[in-house]
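Fold and contact review
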Amino acid sequence: MNNIRNVLVQQKAELENRFKEPYIERDTKLKTGSVKDNLIRVIIGPRRAGKSFFITHWLKKNAKFGYLNFDDEKLATTKDFDELLAITDSLYDSPEVILLDEIQNVDKWELIANRLQRQGRKLFITGSNSNLLSKELATHLTGRHLQITVFPFSFKEFMKQQTQELTTTQTAEKLFEYATKGGYPEPLVKNLNHSEYLSTLFDSVLFKDIVKRYKIRKPSAIEDLAQFLLSNVGSEYSFQRLAEFTKSKSAHTVQKYLGYLEEAFLLFSLKRFSFKTREQLTFNKKIYAIDNGFISAKSSKSTQDTGKLYENIVAVHLKKAEIDGKLDFYYWKNPQHEEVDFVIKEGTKITKLIQVCYDVSNPDTKKREIRSLIKAKQELKCNELMVLTNDYEAEELAEWFGEKAKIKFTPLWKWLITRE
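With that out of the way, let us pick up the nonpolar core. Ranked by size, the top nonpolar core spans 114 residues in total, and within it Leu59, Phe124, Leu261 and Phe342 carry the most contacts. Setting aside residues up to four positions removed in sequence, Phe124 forms contacts with Leu30, Ser34, Val35, Arg41, Ile43, Ile55, Trp58, Leu59, Val97, Ile98, Leu99 and Leu100. Of all hydrophobic cores here, the second largest spans 21 residues; its members include Tyr330, Trp332, Ile370 and Ile407.

Under the defined criterion, the tally for this structure stands at 31 salt bridges. A salt bridge links Arg368 to Glu369; its shortest N-O distance comes to 3.4 Å. Here Glu369 falls in the buried class, since its relative accessible area comes to 9%. Because the salt bridges share partners, they merge into one network encompassing Glu21, Arg48, Glu186 and Lys190.

Under the counting rule described, the total for this entry stands at 20 aromatic pairs. Ring geometry for Phe155 against Phe158: centres 6.1 Å apart, planes inclined by 20°, an arrangement best described as stacked. Taken together, the residues span about one helical turn, with Phe155 and Phe158 both in helix H7 (residues 155–158) at a distance of three residues. Grouping residues by exposure puts Phe155 and Phe158 together as buried. Relative to Tyr178, the ring of Phe158 lies with its centre 5.1 Å away and its plane at 55°, an arrangement referred to as tilted. Of this pair, Phe158 sits in helix H7 while Tyr178 sits in helix H8 (residues 168–181), and the two are 20 residues apart along the sequence. A network of ring pairs unites the aromatic residues Phe268, Tyr288, Phe329 and Phe342 as a single cluster. One Lys or Arg, Lys60, reaches over the ring of Phe19 and ends 4.4 Å from the middle of that ring. The ring centre of Tyr331 lies 4.7 Å from the NZ or CZ of Lys286, which sits over that ring.

Rules behind the numbers
Residues numbered from 1 in each chain as written. Predicted model: local features only at pLDDT ≥ 70, side-chain atom pairs only at ≥ 80, totals over all residues. Heavy atoms only, no water. Core = buried A, V, L, I, M, F, W, Y, C linked by side-chain atoms within 4.5 Å. Buried < 20%, exposed > 50% of the residue type's maximum accessible area, 1.4 Å probe, protein only. Contact = heavy atoms within 4.5 Å. Salt bridge = Lys/Arg side-chain N within 4 Å of Asp/Glu carboxyl O. Phe/Tyr/Trp six-rings, centres within 6.5 Å; stacked < 30°, edge-to-face > 60°. Helix = DSSP H or I, 4+ residues; strand = E, 2+ residues; numbered from the N terminus. Lys NZ or Arg CZ within 6 Å of the ring centre and 35° of its normal.

What follows is the structure in structure tokens.
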């Protein structure tokens, strides 16, 4: 076990060096009592989104903890987990809490976590695979774990880098920067080249977490699919059409590959709303990227549609809220192909309809957005209507064929900063 001990000694040194690096406080909340109860804390989110930084900084203030990073294959493949913990106890002076980082790399990790919990260990675990929650945890740790989601920086967190107060115009400019660069912490904090960093990260996740794990024989097929989807964020897709565009073997293969991309927190899909569950399953979905930086880094398009970039920001914001159990969201479309970008559902009630429109100065554009909102309002019985814009702010009473509605126009930056 000398090799394992050497790995853990090196990881401890890396952890100590991490505390010397710049750190921007995250808005994610954890109660101090988290180290006292018997619940496993699961911190989930994309690779390099800041999960480990967040939880190690929190633990440093609140508990004595030991650290194991299973991105190292020597740890991930060890057969003697008890010996591993014994070394951890000696290095960290019998810590009350164990942090198991990137635990999805360990075979049957959920059984190990279950056993450690029964033995009285206080566990915090991180994972970069959404499967962690949907299958393993639900099956093996039901009722004994709590989930914390860490995504790349929100716009509010992105703005914490600003040392001086900005004007409204400057804040709108910062939103555009965020829309193109995205919110991954490391290139922002260390001033690295965003495009190079995110392109390398995307490829690393694609090949390490997907191609290698699922033994995909032709990596170019899933690579082409990912690039095509990133070039068409906010657009509808069907598996059959994706198979045709990417020259994949079948719609079934495309469906399987897209599942892998979503599982690895690279992309996510949005369902079209229907009161009928069966209809919802047959409708086309829309695709979004987990971070805007991936769009700029990997899209095949030389110039990006700012409106679609802003729409993606809203989709990511809502996706995190959905994972945290605060809401469900969809898009809406009627037989006349009129659309509303986001339908917010809380519990059994539809509470808000949101359009994202970068520029509403064109009367025809504004009329189109209003018409879709009012028609959706009629069908979905929802009175809270909103258009998120670049800079236009107002509350207007609109009318469409006798149907009146109050519509709130709000700059996207303001909506993002004021939301919890």
